[in-house]
Amino acid sequence: MRSSLIFKLLGAFLLVIAIMALIISWLTSQATQNAFELYATRSGQAWAQNLAPVLADYYARNGSWEGVEALLQSEISNPEAWGAGKGQGQGRGLGAGRVNGMWTLGQRILLVDEKRLVIGDTSNELLRETLSSVEVDSGAPVAVEGKTVGVVLVTPGDFTQKANNENSAASQFLSSVNQSILLSVAGASVIALVLGAALFFQITAPLRKLKQASTAIAQGDFSQRVVIQSKDEFGELGRTFNQMAENLEQEEKQRQRLMADVAHELRTPISVVQANLEGMLDEVLPLDMGQVATLHDQVLLLNRLVDDLRLLSLAEAGE
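Along each chain, residue indices are assigned from 1 in the same order as the chain's sequence is written. The model is predicted, so local features are restricted to residues of pLDDT at least 70 and side-chain atom pairs to those at 80 or more, both for listing and for counting; the totals for chains, interfaces and linings are taken over all residues. Think of the side-chain values as coming from all heavy atoms in the structure, minus any hydrogens and water.

A. Expanded view of the overall build of the chain. Helix and strand labels come from DSSP, where a helix needs a run of H or I of at least four residues and a strand needs a run of E of at least two; each type is numbered from the N terminus. Helices and strands together make up the secondary structure of the chain, namely seven helices and six strands. Mapped in sequence order, the helices and strands of the chain form the string α-α-β-β-β-β-α-β-β-α-α-α-α. Taken across its 319 residues, the chain has 32% of its residues classed as buried. Relative accessibility thresholds used throughout: buried, under 20% of the residue-type maximum; exposed, over 50%; partly exposed, between the two (1.4 Å probe, protein chains only).

B. Highlighting the side chain of Q298. With respect to the helices and strands, Q298 occurs in helix α7 (residues 289-316). Given the relative accessible area of 17%, Q298 is considered buried. We call two residues in contact whenever any of their non-hydrogen atoms come within 4.5 Å of each other. What Q298 contacts, discounting residues up to four positions off in sequence, is P269, V272 and V273.

C. Inspection of the sheet that holds strand β3 (residues 108-112) at higher detail. Strand order in the open sheet made by the four strands is β4-β3-β6-β5, with antiparallel pairing throughout. Single-partner strands in this sheet number two, and they are β4 (118-121) and β5 (140-144). Direction aside, neighbouring strands of the sheet carry axes that sit 25 degrees apart on average. Note: β3 against strand β6 (residues 147-155), five bridges, orientation antiparallel. By the convention used here, strands pair only if DSSP detects at least 2 bridges between them. Axis definition: a line fitted to C-alpha atoms, over the contacting stretch in the case of helices. Angles run 0 to 180 degrees between N-to-C directions.

D. Here's a closer look at the nonpolar core. Formed by 20 residues in total, the largest nonpolar core has its most connected members in L55, W65, V68, I109, L111, V142 and V152. If you list the elements that add at least two residues to this core, you get α1 (5-62), α2 (68-77), β3, β5 and β6. The biggest single contributor to this core is α1, with seven residues. Every residue in contact with V142, bar those within four places of it in the chain, is listed here: A52, L55, A56, W65, K147, T148, V149, G150, V151 and V152. Counting residues in each nonpolar core, the second largest holds eight residues, with L210, A213, I217 and A245 among its members. Put simply, buried Ala, Val, Leu, Ile, Met, Phe, Trp, Tyr and Cys residues joined by side-chain atoms within 4.5 Å make one nonpolar core.

E. Broad picture of unusual backbone geometry. Of note, the phi angle at R128 is positive, near 70 degrees, even though the residue is not glycine. The topology assignment puts R128 in the loop between β4 and α3 (133-137). The class of R128 is exposed, set by a relative accessible area of 59%. If you check the backbone angles, E145 has positive phi at about 55 degrees while not being a glycine. With respect to the helices, strands and loops of the structure, E145 is situated in the loop between β5 and β6. You can call E145 exposed: its relative accessible area is 82%.

F. Representation of the pairing of β6 in the model. Here β5 runs beside β6; their pairing, made up of five bridges, is antiparallel. Bridge pairing in β6 places P141 opposite V151. Turn length for the β5-β6 hairpin, with the two strands adjacent in sequence and antiparallel, is two residues, and the turn residue E145 shows positive phi of about 55 degrees.

G. Representation of the packing of aromatic side chains. Working definition: a ring pair exists when centres of Phe, Tyr or Trp rings (six-membered ring for Trp) sit within 6.5 Å. Plane angles under 30 degrees give stacked, over 60 give edge-to-face, the rest tilted. In this structure the tally under the stated criterion is two aromatic pairs. Ring centres of F13 and F200 lie 5.6 Å apart, and the angle between their planes is 85 degrees; on these two criteria the pair is classed as edge-to-face. Within this pair, whereas F13 is found in helix α1, its partner F200 is found in helix α4 (residues 169-203), the two being separated by 187 residues in sequence. By relative accessible area, which is 13% here, F200 ends up buried. With a centroid separation of 4.9 Å and 50 degrees between ring planes, the pair formed by Y59 and W65 is classed as tilted.

H. Layout of the pattern of salt bridges. Within this document, salt bridges are pairs made up of a side-chain nitrogen of Lys or Arg and a carboxyl oxygen of Asp or Glu, the two lying within 4 Å of each other. For the coordinates displayed, the defined rule picks out four salt bridges. With a shortest N-O distance of 2.7 Å, R225 and E249 are connected by a salt bridge. Of the two residues, R225 is situated in the loop between α5 (205-218) and α6 (233-281) and E249 in helix α6; the sequence distance between them amounts to 24 residues. According to the relative accessible area criterion, E249 is buried, its value standing at 19%. Linked by salt bridges that have partners in common, R225, E246 and E249 make up one network.

I. Main features of α1. With 58 residues, α1 should cover 86 Å at 1.5 Å per step; its first-to-last C-alpha distance of 82 Å lies within 8% of that length. Here the bend at each residue means the angle between axes fitted to two seven-residue stretches, the one ending at that residue and the one beginning there. Approximately 30 degrees is the largest bend angle found in α1, and it occurs at L51, with the proline P53 only one to four residues beyond. Where α1 terminates, the next one or two residues include G63, which has phi positive at roughly 75 degrees. The span one expects for a helix is its residue count, reduced by one, times 1.5 Å.

J. Structural detail: α6. Compared with an ideal rise of 1.5 Å per residue, which puts 49 residues at 72 Å, α6 spans 70 Å between its outermost C-alpha atoms and is within 8% of the ideal. Regarding α6, the residues found buried are G235, G238, F241, N242, A245, E249, V262, P269, V273, N276, G279 and M280. Where the residues of α6 are buried, they touch α5 and α7. In the stretch just after α6, E283 is the one whose phi turns positive, near 60 degrees.

These values are about where atoms sit, not about what they do.
Structure representation (structure tokens):
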């Protein structure tokens, strides 16, 4: 019992835990990544909106975007040094800061001109490349005297390309979250497995009692009974088993009484026949028709008893 049923239950339970752990880990990781992407996008939009006036002032003072890369690099390394972000957080370098109360992690600043040509990129990856109108529409326009001279975008960088951005703050954050999820799921799985083992051991306890009692009954001890307090299927099984054991014990007692009665009934005619025959052999009783008739009556009685025993055996056999 303990070497088969409990192990089967634990194996099935462990398989369910493993499947659920994988599903929960994957769903939680995806939800965290999607939420972080949304947060980074909104944070970048807020940052871009606050950065647009700074870039507009730069363009108004210089008349062109020449040298704007230095300004973008200074902003990416210290985002709270300007606009509404000033004084709301401590500079942390590597693009980590707080803008309007929102933390920025590993983001990049892109500046495109009116032709959607990238003229500034803090990551130096898309310089002189042309962005699509959809990508540019997500940025904040930079206007000077009512004329749009460029668009600034703050994006999560290569956020979705983790292989190329493993050392970024965003990747490190996601890695930390995923590790925490895995540790939590592993800890919960171990606790669930331990509790499941205790529960299965308790559930199979009535079966172990039934096995011990049935083994004793198979060896001839019909006095065995099981004590099951529950009112579920195990309790019903225990009550049925006890009723079966009671019936077997009563039938065994009836069989013993029947054997005693049969032995007693057979002993009387056999004793009469034996005594008469011995008397005849010893010439104490005469060998006449009366004695032979007496012996014949006793033999008929024995025959009737044998027929009754055969009838009882057929009845017990269901025939």
